[in-house]
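# Understanding the architecture of this molecule
Listed here are the chains, written in short residue letters.
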Amino acid sequence: MKNIYVNRPLLPPLEEFVPYLEKIWDNKWLTNNGPFHQQFEQQLADYLGVKYISVFSNGTLALLTALQVLRITGEVITTPYSFVATSHTLLWNGLTPVFADIDPKTCNINPEKIEQLITSATSAILPVHCYGIPADVERIQQIADIYGLKVIYDAAHAFGVKKEGVSILNHGDLSILSFHATKVFNTIEGGAIICPDEKTKKWIDYLKNFGFTDEVTVVAPGINGKMNEVQSAFGLLQLQYIDKALELRKSISERYCHALSDIEGIRIVDVPDNVEWNYAYFPIFIDNRYPCSRDALYNKMKAAGVFARRYFYPLISDFPMYKMHKRGDLSESVSIANSVLCIPIYPDLEIEEQEKIISLIKNATAGGLC
Ligand code: T4K
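Residues numbered from 1 in each chain as written. Predicted model: local features only at pLDDT ≥ 70, side-chain atom pairs only at ≥ 80, totals over all residues. Heavy atoms only, no water.

## Digging into the sheet that holds strand 16 (residues 275–276)
The strand order 10-9-16 describes an open sheet built from 3 strands, whose pairing is antiparallel. In this open sheet, the two strands that pair with only one neighbour each are strand 10 (166–167) and strand 16. As defined by bridge partners, strand 9 (residues 162–163) adjoins strand 16 across 2 bridges and the pair is classed as antiparallel. For Lys-162, the partnering residue across the bridge sits in strand 16 and is Glu-276. (Pairing = 2+ DSSP bridges. Helix = DSSP H or I, 4+ residues; strand = E, 2+ residues; numbered from the N terminus.)

Put into structure tokens, the structure is as follows:
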């Protein structure tokens, strides 16, 4: 059997992409707000149920820019349990990350830990909808309103996620998405900022194009964050396949839930009933009632050709450049980072492959590795 990775990109039929490429060749318009870029932004906003969206060449540049859009300064309260890009964008903006512990049930920032970390230097909260599971958006907004803070959601994992029928991307001042190859919806590399009004969208569009408002006017020290025409065309085609991909993810997730929910020492991801999830990741959490450690299972799976990943271990706060920013107690984050294993989930995962993964987890002690 071939190697099984944690993720495999959603790819549309190659022959269907060729006409898009032909159009780009005909137009000779490769980037800088071309026709596919404009069409993609429109269709994406409609699909996601959001008002305004500005697409970027990747999610990291979208987040870097979002912090500039809102002119965030000083300290930003964020989660240590995320991909390192979340906090890197703070350092790149000269901001100080302040880490709040997570709620172990959702793996998202625990709002009750935020208030005690607010100082006169705090200007924003940067939560993550980890694995596509919504953060506690209501409570976070309450705190932000009381203290006059901005909220930027790192929604890199949350493409298509809805809470009570409404896109989760409509919360906070801004949200960002990632369309990286490993994400539920990809444009090879890509990302976006979601914003609530036209004025902000315009400002974002200036900032992602060096700050130009016309040929001769630069209004801010912008960056080059533009999505090109090939990525945009790819995105347009991907939109035709995303619903099917989400359905396939759902059935894989259901099979895992069914097979793994009664294993002692394993907790599976818990998604609230009012959430339409996107099955972006399938994390399991391993405790000491399981016959072997998380790392022993990870290695055993690897030896069998199954490349699960420990997203998100190590914690961001444990990387050398963040150690000095540690303040409060992060014990829940530590415990989740030490117990998590994300097992493969993607639309092309075959049933036999999934059975192999389940069997490895169920028979952990077989083969003497655990
Ligand atoms: N915020 C959050 C919360 C994020 O998770 C991320 C990115 C960002 C911000 C930043 O967004 P971007 O700037 O990336 O748009 C991957 C991704 O590179 C990264 O996008 C993602 N989060 C992170 C969670 O995962 P790695 O280093 O684990 O990727 P890699 O190359 O090891 O790939 C994982 C597996 O996927 C491979 O073992 C095989 C498979 N794969 C990967 C690629 C790239 C493929 O089958 N084909 C491929 O083309 O970071």
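The discussion continues.
## Some words on the pattern of salt bridges
This model, assessed by the stated rule, comprises 14 salt bridges. Between Lys-208 and Glu-41 there is a salt bridge, with the nearest N and O atoms lying 3.3 Å from each other. Taken together, the residues span a long stretch of sequence, with Lys-208 in the loop between helix 6 (198–207) and strand 13 (212–214) and Glu-41 in helix 2 (residues 35–48) at a distance of 167 residues. As far as the burial class goes, Lys-208 and Glu-41 line up, both buried. Glu-254 is the salt-bridge partner of Lys-250, the closest N and O atoms lying 3.8 Å from each other. Of this pair, Lys-250 and Glu-254 both sit in helix 8 (residues 242–260), 4 residues apart, which is roughly one turn of the helix. Taken together, the salt bridges that share partners define one network made up of Glu-41, Lys-201, Asp-205 and Lys-208. (Salt bridge = Lys/Arg side-chain N within 4 Å of Asp/Glu carboxyl O. Buried < 20%, exposed > 50% of the residue type's maximum accessible area, 1.4 Å probe, protein only.)

## Brief notes about the sheet that holds strand 15 (residues 266–268)
Spatially, 15-17-19 is the arrangement adopted by the 3 strands of the open sheet, whose pairing is antiparallel. In this open sheet, the two edge strands, each paired with only one partner strand, are strand 15 and strand 19 (340–343). Here the average twist between neighbouring strands, direction ignored, is 30 degrees. Looking at chain direction, strand 15 and strand 17 (residues 282–286) are connected through 3 bridges and run antiparallel. Following the sheet pairing, Arg-267 is matched in strand 17 by Phe-285. Along the sheet face, helix 8 touches strand 15, strand 17 and strand 19 and points at about 20 degrees away from the line of strand 17. Contacts from helix 9 (residues 294–303) reach strand 17 and strand 19 within the one sheet, and its direction differs from that of strand 19 by about 25 degrees. (Axes fitted to C-alpha atoms, helices over the stretch in contact; angles between N-to-C directions. Contact = heavy atoms within 4.5 Å.)

## Examining the nonpolar core
Of all hydrophobic cores here, the largest spans 100 residues; its most connected members are Tyr-81, Tyr-131 and Ile-361. Residue contributions to this core peak at 7 residues, all from helix 8. Viewed by domain, this core spans two of them, domain 1 (14–100 + 107–239) and domain 2 (242–308 + 343–368), each represented by three or more residues. With residues up to four places along the chain from it excluded, the contact list for Ile-361 reads Leu-260, Ile-263, Ile-266, Ile-284, Tyr-290, Leu-297, Met-301 and Ile-343. Phe-56, Leu-63, Leu-67 and Ala-124 belong to the second largest nonpolar core, which has 23 residues in total. (Core = buried A, V, L, I, M, F, W, Y, C linked by side-chain atoms within 4.5 Å. Domains from an automatic or database assignment.)

The analysis is restricted to geometry; functional conclusions fall outside its scope.
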